[in-house]
Amino acid sequence: MNKLPGKIVALECNSHMSLVDVAVEGDTFTATLLETPEQSPYLKIDQPVTLMFKETEVSLAKNLSGLISLRNRFPVVVQGIERGAIMSAIGLDYRGHSLACVITTRAVDRLQLAIGDQVEALVKANEMVLSYEH
């Protein structure tokens, strides 16, 4: 599980869900949660949280241009590639934080990924989870 420390900077809520913006290293990440501040009092501005997302929910892109619907698009550097027959594990650096993703080996080859490459990581907002210390 990938983990990034951050702080809640914005909330948009209705009666049963929240769109939560979390600042991490100068970037803003978004999580869609099936909870509200009334149900979960930790959902408040300036609350320190840990943003978490699975390695299998991270996609990588090279030279991506234009607008996309994914809310979480952030720069990473490839730190390692563990090739498998079908799937490969990719070690990533996001502003000093170690992250990982698992993508198909075909995707590694199509992107011509190499250690040191600067690429973009993409994660849908509904794949983000928040954790906090009581």
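Everything discussed here concerns the structure shown above.
Let me sum up the structure you'll find in this document.

What counts and what doesn't
- Residues numbered from 1 in each chain as written.
- Predicted model: local features only at pLDDT ≥ 70, side-chain atom pairs only at ≥ 80, totals over all residues.
- Heavy atoms only, no water.
- Helix = DSSP H or I, 4+ residues; strand = E, 2+ residues; numbered from the N terminus.
- Rg over C-alpha atoms; globule rule 2.2 N^0.38 Å.
- Buried < 20%, exposed > 50% of the residue type's maximum accessible area, 1.4 Å probe, protein only.
- Contact = heavy atoms within 4.5 Å.
- Areas by Shrake-Rupley, 256 points an atom, 1.4 Å probe, with all protein chains shown as cover.
- Lys, Arg positive; Asp, Glu negative; His and termini not counted.
- Charge placed at Lys NZ, Arg CZ, Asp CG, Glu CD.
- Pairing = 2+ DSSP bridges.
- Axes fitted to C-alpha atoms, helices over the stretch in contact; angles between N-to-C directions.

**Description of the overall build of the chain**
Here comes step 1: Counting secondary structure elements, the chain contains 1 helix and 10 strands.
Here comes step 2: On C-alpha atoms alone, the chain measures out to a radius of gyration of 16 Å, which is about the 14 Å that the 2.2 N^0.38 rule sets for 134 residues.
Here comes step 3: By its C-alpha atoms, the chain is 45 × 30 × 25 Å across when sized along the principal axes.
Here comes step 4: Going through the 134 residues of the chain one by one, you find that 39% of them count as buried.
Here comes step 5: Put simply, 60% of the contacts in the chain that link residues at least 6 apart link residues at least 24 apart.
Here comes step 6: By element, 49% of the accessible surface of the chain is carried by carbon and sulfur atoms, the whole surface being about 7,700 Å².
Here comes step 7: The averaged location of the 16 negative side-chain charges in the chain is 5 Å from the averaged location of its 12 positive side-chain charges.

**A closer look at the environment of Gly84**
Here comes step 1: The topology assignment puts Gly84 in the loop between β6 (72-82) and β7 (87-94).
Here comes step 2: Residues Gly84 and Asp109 lie 25 residues apart in sequence; the distance between their C-alpha atoms is 12 Å.

**A word on the sheet that holds strand β1 (residues 2-13)**
Here comes step 1: Strand order in the open sheet made by the 5 strands is β3-β2-β1-β4-β10, with antiparallel pairing throughout. Every other strand in the sheet has two partners, leaving β3 (27-33) and β10 (129-131) as the edge strands with one partner each. Strand-to-strand twist in this sheet, taken as the mean axis angle between neighbours without regard to direction, amounts to 45°.

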